Amino acid sequence: MAALILDPGSADAGFLLGLAWHPGWLFRTLWLAPDHVGAAVNLAFVLDGAGRRPEALRLLRRSIALTPALPPTLVNAALMSPPDVAYPWLRRAAAIAPDDAIARLNLASILDRLRLPEAMREHRRMAALAPGLPAAAVNVALASLAAKGVSAASRWHRRALALDRFSPDALAGLAAVARMEERSGLDWDRRALALRPDHAPTLGNVSHGLFLLGEARAALRWAERAEAIEPTDPVFGRGVLALLNYVEWPDPSVVLARHRRWARRHAVPGPRPPRRPGAGRLRVGYLSVSLRRHPVGIFLLPLLEHHDRTRFEIVGYDAGGGVDEVTARLRAATSAWREVHELGDAALAEAIRADGIDILVDLDGQTSGNRLTAFTRRPAPVQVTWLDYPASTGTYCFDAALVDPFEVPGGAERFYSEPVIRLAGGRLVYRPPDPSPPVAERTGDAVMLGCFGNPARIGTETLALWARAMSALPETRLTLKGGSYRDAAIRARYLAIFAAAGVDPARIVFSGWSPHAEMLRELSQLDIALDPMPHSGYLTSCEALWMGVPILTCAGVRAVERQTGGLLARIGLPELIAGSADDYVVILSCLVRDPERRRSLRQGMRARLEASSLMDEAAFARTIEAAYRGLWEKA
């Protein structure tokens, strides 16, 4: 202030006041000195923090026009821009100052996001440029992990930890490496948490590690802590909602209330756009983060290939970015395919509007990475949620949820925020892999029970029920298969539950991950499959049935607890659906002690599936299309 009294036109004094006291002085500085780069950059940060990013970018672009060779301005403009716009800014900054670590770090990160092949080369150049910088080593590790280079990622994270033993990013990275190796990584997560006890992403990582160990209730508590710290970030709330499907809840209305609370915070819907005038052939868009070898991609493919192209034009929106042979087949079954994983909500909604989509279908619900917040912008006149999430999204931006009549029986629609359409014949169809291993003949004295998949689906009450049943059926053995069973902690916890019921640990077999064809052959070695509860199976249940294995379930109240029950009802085996724990034990005991019944089921199971609505792909497509047409006419 004293300097300004001596020289009222001092731009530098005004600039320093803007930094130290009030950003209004930065406006004054730029009025006095329009080419003052420091004032422009810092005022841009202020505007961006106030939610005025377009103004911030205009200010930085003007500064670049006045002084085009200053890397800090170029870098800051890039940080506020989408990746495709940021890339040339950062490329120019790195060319002007090849040794500028900040420019190169951000250039490498943008190359990663754009999935350009030179990303790894840029990361390694950065690590060589700043060998003592932990962040550079962490970035190489993250790039390696994204490229499935797990061992390289581990080496680079350990190098970062050697440079800074208190680096939470390196510790969190080593936890991520452990999870890629089907271990929980909790030891690394807890070390990172000790450094940042209120860091929501680290709390979320602890939750994920517990989830992999099958401890869904504990995982939920940690996810709730993360959401409490970052209530305005929809990602942490989604983590809570997804975990609600893995724990036993006496009242489904509580689950819906939690979903609605998330929607009130993050998914307030905009106005419905008008219908496209004169629409004859309807344009249907399918949007998902899982358009690959994943239950979404596998179950979607038969529908896409059976759509009536004279009445429907199909557009795929790939929001995940992963590509495999299923992606290629999905893409071939569409009229147009859009890679949208780098688009923000506004840009994604605008791209959908530009395509003139009449009916937009969400395939993810509240699963990880979903794009529900883009649906709240109402980019299409009709919006539908279907397929991967066996519950309500809690939002009011959908005109319908397409559901299975068994999973959502009469009266259960009150647990949905969306209007419910029950699909006659079931929620989806199953197409077996081609080729499939033959159904194997079972031999041996022991009756092999089994449950394949994520242990987080299996509640503690379910384990106790299985242990109770096995204690009364000494001729049974149980195989538990899933990547997480490589972790000694989960094996010890499970064995303790069975031992408490008097079941010899030698009767329990743990099996890790195996290629899909091998997993199907292992399924065929079971006599009876046990449906995981409370998160009932779907794809794995279909596969067990296809391999000739009857599956026993106990249908609960929520849709997530009734998925396998719906399959059994569709193929004419309702007698394998228990209504209570006591009923479950009786049904299992009868099936264990009736080898002729098991043999008959095994020999006739494939014919049973093929004759059912579960494998009638053409009829299913007509059912879906009728639902779409009805929604369009009412819109």
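Residues numbered from 1 in each chain as written. Predicted model: local features only at pLDDT ≥ 70, side-chain atom pairs only at ≥ 80, totals over all residues. Heavy atoms only, no water.

Participant: What exactly am I supposed to notice about the environment of Ala544 here?
Facilitator: For Ala544, the location among the structural elements is in helix H25 (residues 539-546). According to the relative accessible area criterion, Ala544 is buried, its value standing at 2%. As for Ala544 and Gly278, which are separated by 266 residues in sequence, their C-alpha atoms are 47 Å apart. The residues contacting Ala544, other than those within four sequence positions of it, are Leu523, Ala529 and Val549. (Helix = DSSP H or I, 4+ residues; strand = E, 2+ residues; numbered from the N terminus. Buried < 20%, exposed > 50% of the residue type's maximum accessible area, 1.4 Å probe, protein only. Contact = heavy atoms within 4.5 Å.)

Participant: Explain the sheet that holds strand E9 (residues 476-481) to me, please; I cannot follow it from the model alone.
Facilitator: The strands making up a sheet associate through backbone hydrogen bonding, with each pair oriented either parallel or antiparallel. The sheet built from six strands is open, its strands ordered E10-E9-E8-E11-E12-E13 with parallel pairing. Every interior strand has two partners, whereas the edge strands, strand E10 (508-511) and strand E13 (577-578), have only one. Across two bridges, the pairing between strand E8 (residues 447-452) and strand E11 (residues 528-530) is parallel. Bridge pairing in E11 links Gly450 to Ala529. Each of E9 and E10 is contacted by helix H23 (residues 488-500), which is oriented at about 160° to E10, the strand it contacts most. Contacting E8, E9, E11, strand E12 (551-554) and E13, helix H27 (residues 581-592) runs over the sheet at an angle of about 170° to E12. (Pairing = 2+ DSSP bridges. Axes fitted to C-alpha atoms, helices over the stretch in contact; angles between N-to-C directions.)

Participant: Sorry, what's going on with the environment of Ala424 here?
Facilitator: Of note, Ala424 is situated in the loop between strand E7 (420-422) and E8. A sequence separation of 84 residues divides Ala424 from Val340, and the C-alpha atoms of the two residues are 33 Å apart.

Participant: What am I meant to see in the packing of aromatic side chains here?
Facilitator: This structure, assessed with the given rule, holds eight aromatic pairs. Plain terms: the ring middles of Phe211 and Tyr246 are 5.0 Å apart, the flat faces sit at 90° to each other, and that makes the pair edge-to-face. Of this pair, Phe211 sits in helix H14 (residues 200-212) while Tyr246 sits in the loop between helix H16 (234-244) and helix H17 (252-266), and the two are 35 residues apart along the sequence. The same class applies to Phe211 and to Tyr246, which are both buried. Every member of this aromatic cluster is reached through a ring pair, and the members are Tyr286, Phe312 and Tyr628. Note that Arg159 overlies the ring of Trp156, its terminal NZ or CZ placed 4.0 Å from the centroid. (Phe/Tyr/Trp six-rings, centres within 6.5 Å; stacked < 30°, edge-to-face > 60°. Lys NZ or Arg CZ within 6 Å of the ring centre and 35° of its normal.)

Participant: Sorry, what's going on with unusual backbone geometry here?
Facilitator: Excluding glycine, most residues fall at negative phi; most peptide bonds, likewise, are trans. The omega torsion of the bond from Asp434 to Pro435 falls at 5°, within 30 degrees of zero and hence cis. Its location among the elements puts Pro435 in the loop between E7 and E8. Looking along the chain, the bond that leaves Met533 and enters Pro534 is cis, with omega of 15°. In the Ramachandran plot, Arg378 falls in the positive-phi region, its phi being about 50° despite a non-glycine side chain. Looking at the secondary structure, you find Arg378 in the loop between helix H21 (372-375) and strand E5 (382-385). One non-glycine residue, Leu387, lies in positive phi territory at about 100°. Along the chain, the position of Leu387 falls in the loop between E5 and strand E6 (400-403).

Participant: What is the right way to look at the sheet that holds E5 in this model?
Facilitator: If you walk across this open sheet you meet the seven strands as E3-E2-E1-E4-E5-E6-E7, and the pairing is parallel. Here the strands that pair on one side only, and so sit at the sheet edges, are strand E3 (336-339) and E7. For this sheet, the mean angle separating the axes of adjacent strands, direction not counted, is 25°.

Participant: Help me understand H17, please; the structure alone is not making it clear to me.
Facilitator: Since there are 3.6 residues in each turn of an α-helix, residues three or four apart along the chain are aligned in direction. In a regular helix each residue adds 1.5 Å, so 15 residues correspond to 21 Å; H17 covers 22 Å between its end C-alpha atoms and thus fits that length. Within H17 the residues assigned to the buried category are Pro252, Val255, Leu256, Arg258, His259, Trp262, Ala263 and His266. With its buried residues spanning 160° around the axis, H17 presents them on a single face. Along its buried surface, H17 packs onto helix H15 (216-229), H16 and H21. (Expected span 1.5 Å × (residues − 1). Arc of directions from axis to C-beta.)

Participant: Could you clarify how one ought to interpret the nonpolar core in this entry?
Facilitator: Taken as a class, soluble globular proteins show a tendency for nonpolar side chains to be buried jointly. The biggest cluster of nonpolar side chains holds 145 residues, and the ones touching the most others in it are Tyr286, Leu300, Trp386, Trp466, Tyr584 and Leu588. Among residues more than four places away in sequence, those in contact with Leu588 are Leu449, Ala469, Leu473, Ile528, Leu530 and Leu552. Judged by nonpolar contacts, the second largest core, of 30 residues, contains Ile64, Val75, Ala77 and Ala86. (Core = buried A, V, L, I, M, F, W, Y, C linked by side-chain atoms within 4.5 Å.)

Participant: I would appreciate a short explanation of the pattern of salt bridges in the present structure.
Facilitator: Applying the stated criterion across every chain, the model contains 33 salt bridges. A salt bridge links Asp527 to Arg442, with the nearest nitrogen and oxygen atoms 3.0 Å apart. Of this pair, Asp527 sits in the loop between helix H24 (516-524) and E11 while Arg442 sits in the loop between E7 and E8, and the two are 85 residues apart along the sequence. By relative accessible area, which is 21% here, Arg442 ends up partly exposed. Close ionic contact of Asp527 with Arg598 constitutes a salt bridge, the shortest N to O distance being 3.9 Å. (Salt bridge = Lys/Arg side-chain N within 4 Å of Asp/Glu carboxyl O.)

Participant: So what exactly am I meant to see when it comes to the packing of H16 against H17 here?
Facilitator: For any two helices packed against each other, one specifies the crossing angle of their axes together with the interaxial distance. In contact at an axis separation of 10 Å, H16 and H17 are set at 165° when each is read in the N-to-C sense. With respect to H17, the axis of H16 lies roughly antiparallel. Every pair of crossing elements has a handedness; the one defined by H16 and H17 is left-handed. Between H16 and H17, the residues in contact are Pro234, Gly237, Arg238, Val240, Leu241 and Leu244 and Val255, Arg258, His259, Trp262 and His266, respectively. Residue composition of the contact of H16 with H17, by class: six nonpolar, three polar and two charged. (Parallel < 35°, antiparallel > 145°, perpendicular 65-115°, else oblique. Left-handed = near helix turned anticlockwise from the far one by under 90°. Nonpolar A, V, L, I, M, F, W, Y, C, P; charged D, E, K, R; others polar.)

Participant: Sorry if this is basic, but what is going on with the side chain of His157 here?
Facilitator: Turning to its location among the elements, His157 is positioned in helix H11 (residues 150-163). When neighbours within four sequence positions are excluded, His157 is seen to be in contact with Val138, Ala141, Leu142, Asp169, Ala170, Gly173, Leu174 and Val177.

Participant: Help me understand H16 in this model?
Facilitator: Among the residues of H16, Phe236, Gly237, Arg238, Val240, Leu241, Leu243 and Leu244 are the ones counted as buried. Its buried side turned inward, H16 meets H14, H15, H17 and H21. By the N-cap criterion, in which a side-chain oxygen at the helix start approaches the backbone nitrogen of a residue two or three places on, H16 is capped by Asp233, the distance to Val235 being 3.0 Å. (Polar contact = N/O pair within 3.5 Å; in protein donor to acceptor, adjacent residues only side chain to side chain.)

Participant: In this structure, what is going on with the pairing of E10? I would like to understand it.
Facilitator: Two faces belong to every sheet, and in a regular strand the side chains alternate between them. Here E9 runs beside E10; their pairing, made up of four bridges, is parallel. Bridged to Leu480 within E10 is Phe510.

Participant: What is the right way to look at the pairing of E12 in this model?
Facilitator: Alternating residues of E12 divide into Ile551 and Thr553 and Leu552 and Cys554, and every residue in both groups is buried. Regarding the hand of the β-α-β motif, the stretch spanning E11, H25 and E12 is right-handed. Where E12 meets E13, two bridges bridge the pair, whose relative direction is parallel. Its bridge partner lying in E13, Thr553 is registered against Ile577. (Right-handed = clockwise from strand over helix to strand, strands pointing away.)

What is shown is where atoms sit, not what they do.
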